[in-house]
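Fold and contact review
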Amino acid sequence: MRQIFARMPWWVKWIAVPVIALAVFGGLITSIIGFVIEVLFKVLLFVALVGGLIFLVRKFMTSSSSSSKDW
């Protein structure tokens, strides 16, 4: 493979081949990147919701235990 590209001009190796690769695999690459971003967003959303739930439960448990002492 190196012998094939050794005789080619620099612009074929560094411009033409990457452009062709992006044209052929561009949809696949964007699909993979979109999927990864979607999964990361869902993970962050899950962590935020679980953190909020834990915060609310602790706040409720603290307020209910202090109000039960008042009785």
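Refer to the preceding data block for the structure.
Bear in mind that the values here come from a model prediction, so they are computed numbers and not experimental data.

Analysis parameters
Residues numbered from 1 in each chain as written. Predicted model: local features only at pLDDT ≥ 70, side-chain atom pairs only at ≥ 80, totals over all residues. Heavy atoms only, no water. Helix = DSSP H or I, 4+ residues; strand = E, 2+ residues; numbered from the N terminus. Rg over C-alpha atoms; globule rule 2.2 N^0.38 Å. Buried < 20%, exposed > 50% of the residue type's maximum accessible area, 1.4 Å probe, protein only. Areas by Shrake-Rupley, 256 points an atom, 1.4 Å probe, with all protein chains shown as cover. Salt bridge = Lys/Arg side-chain N within 4 Å of Asp/Glu carboxyl O.

Scanning the chain from terminus to terminus reveals two helices and zero strands. Over its C-alpha atoms the chain spans a radius of gyration of 28 Å, topping by over 25% the 11 Å that the globule rule assigns to 71 residues. Seen along its three principal axes, the alpha-carbon backbone of the chain occupies a region of about 90 × 20 × 15 Å. Here the chain holds 71 residues, and 3% of them are scored as buried. For the chain, the exposed area adds up to about 6900 Å²; of that, 77% sits on carbon and sulfur atoms.

Turning our eyes to something else, we now look at the pattern of salt bridges. If you walk through the whole model with that rule in mind, you get one salt bridge. Salt-bridge contacts for Glu38 lead to Lys42; the nearest nitrogen and oxygen are separated by 3.3 Å. One end of the pair is Glu38 and the other is Lys42, both in helix H2 (residues 10-70) and four residues apart, which spans about a single turn. A relative accessible area of 51% means that Lys42 is categorised as exposed.

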